[in-house]
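# Descriptive analysis of the structure
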Amino acid sequence: MNKTSQKQESITTRRDFIKTLWKIAGIAAIFEFTYVGFSIFNPRKKTQISETSLFNAGNIDSFKNGTLTQFRANKFFLYRHADGGFIAFSVKCTHLGCSINWVAERNQFICPCHSSHFDIMGNVLSSPAPRPLDSFPVIISNNNILINTAKSVKRSKFSTNQLTYAQ
Ligand code: FES
């Protein structure tokens, strides 16, 4: 084999190698485009609630209309409105996060830290709390009241669309 044919063979080998690299890069690009396309058109549902964040407060019939029940260990109050709807309030004061108390004689939640007062729907009656008590989503499933304690919801004021009803 002479020098010219050796050089020719070396160039051919290098060309084959580069062609192979381009093929691999092309296949990788196809996979990536497919993956990105799939991710865009089939986003993961971020609204799914994990089973572990749902607290079962009990059967719907164990809560009378117009009653408030404390679940202090789980950091919420569950209120069943006079019309039968449910709402769960976080025990955290919206000022600096102290735990509020229900004072039945006054029909108010009162914060022991800086004395913010809230009505039974969590609306601010006296500052420094800047907004109503946060709520937790309530789900009613098989007549059980499930509270999603992983997700508190900020509210500007109470409205009846925040209540959850049995179907
Ligand atoms: S933390 Fe409740 S009033 Fe300040």
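Everything that follows concerns the structure shown earlier in this document.
Within any chain, residue numbers begin from 1 and follow the written order of that chain's sequence. For this predicted model, a pLDDT threshold of at least 70 governs which residues receive local features, and a threshold of 80 or more governs which side-chain atom pairs are given and counted, while totals over whole chains, interfaces and linings are taken from all residues. Side-chain measures were taken over the full set of non-hydrogen atoms in the model, leaving aside hydrogen atoms and water.

The next point concerns the overall build of the protein. Looking only at helices and strands, the protein features one helix and 11 strands. Starting at the N terminus and walking to the C terminus, you meet the elements of the protein as α-β-β-β-β-β-β-β-β-β-β-β. Only protein chains enter the accessibility calculation, which uses a 1.4 Å probe; a residue whose area is less than 20% of its type maximum is buried, one above 50% is exposed, and one in between is partly exposed. Split into buried and exposed, the 167 residues of the protein put 31% on the buried side. The long-range fraction of contacts in the protein, counting pairs at least 24 apart against all pairs at least 6 apart in sequence, stands at 44%. Of the roughly 11500 Å² of accessible surface on the protein, a fraction of 55% belongs to carbon and sulfur atoms. Only DSSP runs of H or I covering at least 4 residues are called helices, and only runs of E covering at least 2 are called strands; the numbering of each starts at the N terminus. Contacts between residues were defined by any pair of non-hydrogen atoms, one from each residue, lying within 4.5 Å. The protein chains shown are the only cover counted for residues, whose accessible areas, like all others here, come from Shrake-Rupley with a 1.4 Å probe.

Quick look at the pattern of salt bridges now. What makes a salt bridge here is a side-chain nitrogen of Lys or Arg within 4 Å of a carboxyl oxygen of Asp or Glu, nothing more. Tallied over the full model, the rule gives one salt bridge. Residue R131 is joined to D134 by a salt bridge in which the shortest nitrogen-to-oxygen separation is 3.2 Å. Look at R131 and you get partly exposed, because its relative accessible area is 22%. Taking relative accessible area as the criterion, D134 reaches 10% and is therefore assigned buried.

What follows is about the state of the cysteines. Any cysteine sulfur atom paired with another within 2.5 Å is treated as part of a disulfide. Inspection of the entire model under this criterion finds one disulfide. Two residues, C98 and C113, share a disulfide whose sulfurs are 1.9 Å apart. For the disulfide bridge between C98 and C113, the dihedral angle about the S-S bond is near -95°, and by the sign convention the bridge is left-handed. You can see C98 sitting in the loop between strand 4 (86–90) and strand 5 (101–103) and its partner C113 sitting in the loop between strand 6 (108–110) and strand 7 (117–118), a full 15 residues away along the chain. Taking relative accessible area as the criterion, C113 reaches 38% and is therefore assigned partly exposed.

Once that is clear, we can look at the side chain of T94. Along the chain, the position of T94 falls in the loop between strand 4 and strand 5. Look at T94 and you get buried, because its relative accessible area is 8%. Pairs of N or O atoms are called polar contacts if they sit within 3.5 Å, as long as, within protein, a hydrogen donor faces a hydrogen acceptor (for residues adjacent in sequence, only side-chain-to-side-chain pairs). Among the polar contacts made by the side chain of T94, one reaches the main-chain carbonyl oxygen of R131 at a distance of 2.6 Å. Sequence-distant contacts of T94, defined by excluding residues within four places in its chain, comprise F118, A129, P130, R131, P132, L133 and D134.

Turning to the sheet that holds strand 6, a few remarks are in order. Either a parallel or an antiparallel arrangement is found when strands of a sheet pair, and the pairing is made through backbone hydrogen bonds. If DSSP finds at least two bridges between two strands, the strands pair. Taken together, four strands build an open sheet; the order of strands is 5-6-7-8 and the sheet is antiparallel. Two strands in the sheet have a free side with no partner beyond their single neighbour: strand 5 and strand 8 (124–126). Bridge analysis of strand 7 against strand 8 gives two bridges, and the strand direction is antiparallel. Its bridge partner being in strand 8, H117 is matched across the sheet by S126.

We now examine unusual backbone geometry. It is generally the case that most residues other than glycine have a negative phi and that most peptide bonds are trans. The omega torsion of the bond from S127 to P128 falls at 20°, within 30 degrees of zero and hence cis. Within the element layout of this structure, P128 appears in the loop between strand 8 and strand 9 (135–136). Here the phi dihedral of S115 falls at roughly 65°; this positive angle occurs in a residue that is not glycine. Within the secondary structure layout, S115 lies in the loop between strand 6 and strand 7.

With that out of the way, let us pick up the environment of S90. Locating S90 in the fold gives a position in strand 4. Note on S90: relative accessible area 6%, which makes it buried. Put simply, S90 and F71 are 19 residues apart on the chain and 9.8 Å apart in space, counted from C-alpha to C-alpha. With near-sequence residues (within four places) excluded, S90 lies in contact with K75, F76, I100, L133, D134, S135 and F136. At 3.0 Å, the side chain of S90 and the backbone nitrogen of K92 are in polar contact.

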